[in-house]
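# Structural overview
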Amino acid sequence: MSQSVAETQEQLIALLPRFRRFARTLARNPDDADDLVQLALERALTRLDQWQPGTRLDSWMYGILKNAWIDEVRARQRRDRVHAPEELGEHVADTASEAHLDRLSIEAALARLPEE
């Protein structure tokens, strides 16, 4: 029995509260969970031809949600390795400008010294 895209979309909408609960257990953050559900729905709708009618739509969708979360966790780990935490950059400055300021203050101090 062939299902239309509209019927499948209606089923997805009916399952949204369950998907949000599952995403909240994964992400432990309501905002991240909402983003995760949105991402999973986008993936599901763009790959709707991969879903086999007659199989459980919710199981297929839970797999997409779980894989989207795994992708997000991996991406966060990569970002943490590439970008230093913000606190490590507190005392970073342009050493060339500091050296220039030091040179100017030394020249000013030398100018104030008497000739002898």
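Just so you know, these numbers come straight off a predicted model, no measurement behind them. (Residues numbered from 1 in each chain as written. Predicted model: local features only at pLDDT ≥ 70, side-chain atom pairs only at ≥ 80, totals over all residues. Heavy atoms only, no water.)

## Here's the deal with the packing of helix α1 (residues 5-27) against helix α2 (residues 30-46)
How two helices sit against one another is set out by the angle between their axes and by the gap between those axes. Put simply, α1 and α2 touch, their axes get as near as 8 Å, and they point 140 degrees apart. In terms of orientation, α1 lies oblique with respect to α2. Crossing handedness for the pair α1 and α2: right-handed. Contact with α1, carried on its side by Gln9, Leu12, Leu16, Phe19, Arg20, Ala23, Arg24, Leu26 and Ala27, involves Pro30, Asp32, Ala33, Asp34, Leu36, Val37, Leu41 and Leu45 of α2 and no other residues of that element. Of the residues contributing to the contact of α1 with α2, the split by class is twelve nonpolar, one polar and four charged. (Axes fitted to C-alpha atoms, helices over the stretch in contact; angles between N-to-C directions. Helix = DSSP H or I, 4+ residues; strand = E, 2+ residues; numbered from the N terminus. Parallel < 35°, antiparallel > 145°, perpendicular 65-115°, else oblique. Left-handed = near helix turned anticlockwise from the far one by under 90°. Contact = heavy atoms within 4.5 Å. Nonpolar A, V, L, I, M, F, W, Y, C, P; charged D, E, K, R; others polar.)

## Let's talk about the side chain of Asp58
Along the polypeptide, Asp58 turns up in helix α3 (residues 57-82). The contacts of Asp58, once residues within four sequence positions are left out, are Leu15, Arg18 and Phe19.

## Topic: the environment of Pro53
Structurally, Pro53 is set in the loop between α2 and α3. What makes Pro53 partly exposed here is its relative accessible area of 45%. Residues Pro53 and Thr8, spaced 45 residues apart in sequence, show a C-alpha to C-alpha distance of 9.2 Å. (Buried < 20%, exposed > 50% of the residue type's maximum accessible area, 1.4 Å probe, protein only.)

## Quick word on the pattern of salt bridges
Counted under the stated rule, the structure contains eight salt bridges. Among the salt bridges present, the one from Asp32 reaches Arg76, with a minimum N-O distance of 3.0 Å. With Asp32 in helix α2 and Arg76 in helix α3, this pair connects stretches of sequence that are 44 residues apart. Residues Asp58 and Arg56 are paired through a salt bridge, measuring 2.6 Å at the closest nitrogen-oxygen approach. For Arg56, a relative accessible area of 54% corresponds to the exposed category. Linked by salt bridges that have partners in common, Asp32, Glu72, Arg76 and Arg79 make up one network. (Salt bridge = Lys/Arg side-chain N within 4 Å of Asp/Glu carboxyl O.)

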